[in-house]
Amino acid sequence: MGVEIMHGAAEILLVEDNPGDVRLTREALKEGKILNNVSVVEDGVEALAFLRREGKYANAVRPDLILLDLNLPKKDGREVLAEIKVDPSLKKIPVVVLTTSAAEQDILKTYDLHANCYITKPVDLEQFIKIVQLIEDFWFTIARLPSGVRPL
Amino acid sequence: MLEARPLATKDSPVKIAVEALKEFSMSKRTRDHRAVSEMIGSLWTFLPQGGSLPADIWNKRHRFLLGLAWFHAVVIALLGPLVGYTWELSLSAPFRDGTVLHTVAEGLIVAVFAVLGSYGGASRAVRATLVGFGLISSSAILVHLSGGYIELHFHFFVMLAFLALYQDWGPYILAIVYVAIHHGVVGVLWPEDVYNHSAAFNAPWTWAGIHAFFVLWASVGSIIAWRFNEAALARAKLILDVAGDGIYGLDAEGKITFVNLAAARMLGSEVKDIIGKPMNQVVVQTMAEGSPSPDSASPILLTVQDGTPCRVTNEIFRRKDGTSLLVDYVSNPIFERDQLTGAVVAFRDVTYRKRTEEELAKKAQELARSNAELQHFAYIASHDLQEPLRMVTSYVQLLARRYKGKLDADAEEFIAFAVDGATRMTALINALLAYSRVETKGKEFEPVNCDAVVDSTLTTLQAAIAESKAVVSRDPLPTVMADATQLGQLFQNLIGNGIKFRGVESPRIHVSSERNGKEWIFSVRDHGIGIDPQYADRIFVMFQRLHTKGQYPGTGIGLALCKKIVERHGGRIWVESQPGHGATFYFTVPQVKPDREEERSWA
């Protein structure tokens, strides 16, 4: 836990258009072990603006982890993923695709676009909470990320 | 359609005579005479009708006999100079024996008949009779020139033999009547011009009768041969005419030599209007874009020219009235003693078949499209239905979690029902999704080891097996051509059902297989509650359930899914059971993929 405390709260960007899912994810993260700060954007265009600190996001914090839904208005998750992964300043941020789809072609496509992992949202609440917490746990306590990803 | 028809409609003199005889006999109302009339009737049906030779064959024979007549005309004309007759030139010379002009005049008589017989406007019977007149006359002339030399009378019989080629009554009647009248009249006036013996000189008409009788007798023999020949031809023609396909023949110049009724009907013409015409006047083949094909492009004419047989499908034949028909045809060369003499073409109107094929293809296409749409719809629907459902489930659960202990018993129960409903809905949607994926997401068939599939299914069902203390056993299973994932789903559903519908004892389930001809029969046997045989078919229909959800939970899709999977693999599924005595589910899998060649065996 020491690492997180040194860096302050873990910054998470949630790209999700369904308020129900946003709330659920927030609830799950609230129950998590790690102090975190969740920013939410509702479509792909907003997501990229947030990451590039454009317009109203000029003061946005650079996230440590992106939770990305695939089916989004304006610009869908696959396009957002593709743009993140070709942008040298963004591509090191881990992107976890969190979606309802269990379709084989979606899984293939997102890994082709260099997603860091693909997770299908479970229907059961207990399962969902468990999985969100596992994501948080894995990326912030188990996995080692390059230092300097996030400005100190 | 098949009843025998008279071969010619024209009334021949013989027919008239026979009819008259019949009339005569019928007028005597006695049994004997009726018997005679019946005899004459059967004689009449035996007699050949004439006029049955195909035009091309008749024409060929006619040309030959014309040639024979001309040959006689020339030989007779040349006899005078050859024998050394006098070159006397006077008006009376042609009428006197021993002059060159006389033989020339006799030759001319034969030549006149040859010329008349060549006239195409006359009927076949008339032309045959004219040529017959020429040939029989040449016999009479030769007898006369020889001075009644009796052996030259053989010449009449030679001519009669040749005239048999016409297969018609005219030449026979002519020959008999000619000999009777000629021998009688000339025998009376100039006996030495026909006979060379005194018996004949004394009774010319008796001897004319004797000669005519032999001509008649020879004719009878020849007519019998003709009759059998005609019967054979009639049978061939009958076969041609009852054939459903159009058949016509061509000679080496591409002219139509014969045509059957079906061909004439399909080409919108009469048989007689087609025979003898060049094919391209009757049948116009059309190029794909509608313009008439040049003769050089016609495979049929190619067959006529170099003997190449051909088979053509979906060709357009245009009738003379401009309408057209779509045909398949074959064209085969006719070889006579290695000599290409023409072709036979058989064609079939495929307009109706083509239309049916097109309609069928269209329907199949529509069906495939609507099927694909439906599959897509089912997939999308089940997919997009998940989203709101997850919201319902999650938030009801969140409610229960957050307010645990703060709500009364009713509220807890309502929440439990809501969660249960949503959970079942999810199971239903997942089952529907699986069902719709059987076709859309099915994989190529490959050799699948069923032992491994069943073993991995048991791993998946581990929790249920442990919970129910089930004993699942299996015999060694074969390798079959299948989609391994779907085969796994199949076994999982069947074994899962065996566990679910257990009786009071812990479930015992056995999986086995046996070979039955070209397929494998798999069976999954349990000792559970069984099924009333009257429901044996219903259980495979989607959403058909035999129990309340309280007794045995489930979506009502499992066995429908099993059926769909088995059917995709080209097999059948059924159940044998008695209530209370367990159930055995059987399904078959072909030993090879249905559309692969038979030789491949994966057993």
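Rules of the game
- Residues numbered from 1 in each chain as written.
- Chains lettered and ligands numbered in written order.
- Predicted model: local features only at pLDDT ≥ 70, side-chain atom pairs only at ≥ 80, totals over all residues.
- Heavy atoms only, no water.
- Helix = DSSP H or I, 4+ residues; strand = E, 2+ residues; numbered from the N terminus.
- Buried < 20%, exposed > 50% of the residue type's maximum accessible area, 1.4 Å probe, protein only.
- Contact = heavy atoms within 4.5 Å.
- Areas by Shrake-Rupley, 256 points an atom, 1.4 Å probe, with all protein chains shown as cover.
- Phe/Tyr/Trp six-rings, centres within 6.5 Å; stacked < 30°, edge-to-face > 60°.
- Buried area = accessible area lost by both parts, 1.4 Å probe.
- Polar contact = N/O pair within 3.5 Å; in protein donor to acceptor, adjacent residues only side chain to side chain.
- Nonpolar A, V, L, I, M, F, W, Y, C, P; charged D, E, K, R; others polar.
- pLDDT = per-residue confidence, 0-100.
- Pairing = 2+ DSSP bridges.
- Axes fitted to C-alpha atoms, helices over the stretch in contact; angles between N-to-C directions.
- Core = buried A, V, L, I, M, F, W, Y, C linked by side-chain atoms within 4.5 Å.
- Parallel < 35°, antiparallel > 145°, perpendicular 65-115°, else oblique.
- Left-handed = near helix turned anticlockwise from the far one by under 90°.

Caption draft 1: A look at the overall build of chain A. Per the secondary structure count, chain A includes 6 helices and 5 strands. Of the regular secondary structure in chain A, the N- to C-terminal order runs α-β-α-β-α-β-α-β-α-β-α. Each of the 152 residues in chain A was classed as buried or not, and the buried ones make up 53%. In chain A, the proportion of contacts linking residues at least 24 apart, taken out of those at least 6 apart, comes to 68%. Surface exposure of chain A reaches about 7500 Å², of which carbon and sulfur atoms provide 55%.

Caption draft 2: Molecular detail of the overall build of chain B. Within chain B, the regular secondary structure consists of 19 helices and 13 strands. Taking all 603 residues of chain B together, the buried fraction comes to 39%. The long-range share in chain B, meaning contacts at least 24 apart out of those at least 6 apart in sequence, stands at 62%. Looking at chain B as shown, the accessible area adds up to about 33200 Å², and 61% of this sits on carbon and sulfur atoms.

Caption draft 3: Here's a closer look at the packing of aromatic side chains. Residues and elements named next belong to chain B. Under the criterion given, the structure shown has 19 aromatic pairs over all chains. Measuring from centroid to centroid gives 6.0 Å for F491 and F522, while their planes differ by 75°, and the two rings are edge-to-face. Remark: F522 occurs in strand β11 (residues 519-526) and F491 occurs in helix α18 (residues 484-500); sequence separation between them is 31 residues. Note on F491: relative accessible area 0%, which makes it buried.

Caption draft 4: Representation of the interface of chain A and chain B in the model. Contact with chain A, which involves 21 residues of that partner, is made by 15 residues of chain B. Summing both sides of the interface, chain A and chain B together bury roughly 1600 Å²; the carbon and sulfur share of this comes to 49%. At the boundary of chain A with chain B, the tally comes to 7 residue pairs in polar contact (both at pLDDT 80 or more). Counting only elements with at least two residues in the side of chain A that touches chain B, the list comes to α2 (19-30) and α6 (125-142) of chain A. Taken together, the residues of the side of chain A that touches chain B break down into 9 nonpolar, 5 polar and 7 charged.

Caption draft 5: Representation of unusual backbone geometry. Residue and element names in this part refer to chain B. Phi angles above zero are rare outside glycine, and N314 is one such case at about 55°. You can see N314 is positioned in strand β4 (residues 310-318). Positive phi outside glycine occurs at D338, with the angle close to 65°. Along the chain, the position of D338 falls in the loop between β5 (324-336) and β6 (339-349).

Caption draft 6: Seen up close, the confidence of the model for chain B. Residue and element names in this part refer to chain B. For chain B, the average pLDDT comes to 84, and 90% of its residues sit at 70 or higher. Helix α6 (residues 154-163) holds the highest mean pLDDT among the elements of chain B, 95, whereas helix α1 (residues 13-27) holds the lowest, 67. Every residue in residues 1-9 scores below 50 in pLDDT, and together they form 9 contacts with partners more than four places removed in sequence or on other chains. In this model, residues 593-603 is a region of pLDDT below 50 whose contacts with residues beyond four sequence positions or in other chains number 17 contacts.

Caption draft 7: Examining the sheet that holds strand β13 (residues 583-590) of chain B more closely. Residue and element names in this part refer to chain B. In space, the 5 strands of this open sheet follow the order β8-β10-β11-β13-β12, with mixed pairing throughout. Edge strands, defined here as strands with exactly one partner in the open sheet, are β8 (471-474) and β12 (573-577). For this sheet, the mean inter-axis angle between neighbouring strands, taken without regard to orientation, is 20°. Two strands pair when backbone bridges link them, and strand β10 (residues 508-516) and β11 are joined in this way by 8 bridges, in the antiparallel orientation. Bridge assignment links V511 to a residue of β11, and that residue is V524.

Caption draft 8: Examining the nonpolar core more closely. Residues and elements named next belong to chain B. Membership of the largest hydrophobic core comes to 40 residues, with the highest contact counts inside it found for L487, F491, I495, F522, F585 and F587. Tallying contributions element by element places α18 first for this core, with 6 residues. Setting aside its immediate chain neighbours within four residues, I495 contacts V454, T457, L458, L461, V472, I509, V511 and V524. Counting 33 residues, the second largest nonpolar core, distinct from the first, contains M159, W169, Y172 and V179.

Caption draft 9: Region of the structure containing the packing of helix α3 (residues 44-51) of chain A against helix α4 (residues 77-86) of chain A. Residue and element names in this part refer to chain A. Interaxial distance between α3 and α4 falls to 9 Å at its minimum, and their mutual angle equals 20°. In terms of orientation, α3 lies roughly parallel with respect to α4. The element α3 and its partner α4 pack so that their crossing is right-handed. Contacts from G44, A47, L48 and L51 of α3 reach α4 at V80, E83 and I84.

Caption draft 10: Inspection of the sheet that holds strand β2 (residues 36-41) of chain A at higher detail. All names here are of chain A. Read from one edge of the open sheet, 5 strands run β2-β1-β3-β4-β5, paired in parallel fashion. The open sheet is flanked by β2 and β5 (117-120), the only strands paired with a single partner. Along the sheet, successive strands turn relative to each other by an average axial angle of 20°, direction set aside. For strand β1 (residues 10-15) and β2, the ladder comprises 6 bridges, and the chain directions are parallel. Counted as the bridge partner of L13 is S39 from β2. Strand contacts of helix α5 (residues 104-112): β4 (95-99) and β5, with the helix running at about 155° to β5, the strand carrying the most contacts. Across the sheet, α6 lies against β1, β2, β3 (65-68), β4 and β5, angled at about 150° from β3, the strand it touches most.

Caption draft 11: Up close: the environment of B:V330. All names here are of chain B. In this fold, V330 is placed in strand β5. A residue is classified by how much of its surface remains accessible, and V330, at 21% relative accessible area, is partly exposed. In this structure, the C-alpha to C-alpha distance between V330 and A346, residues 16 residues apart in sequence, is 5.4 Å. The residues contacting V330, other than those within four sequence positions of it, are C310, R311, V344, V345 and A346.

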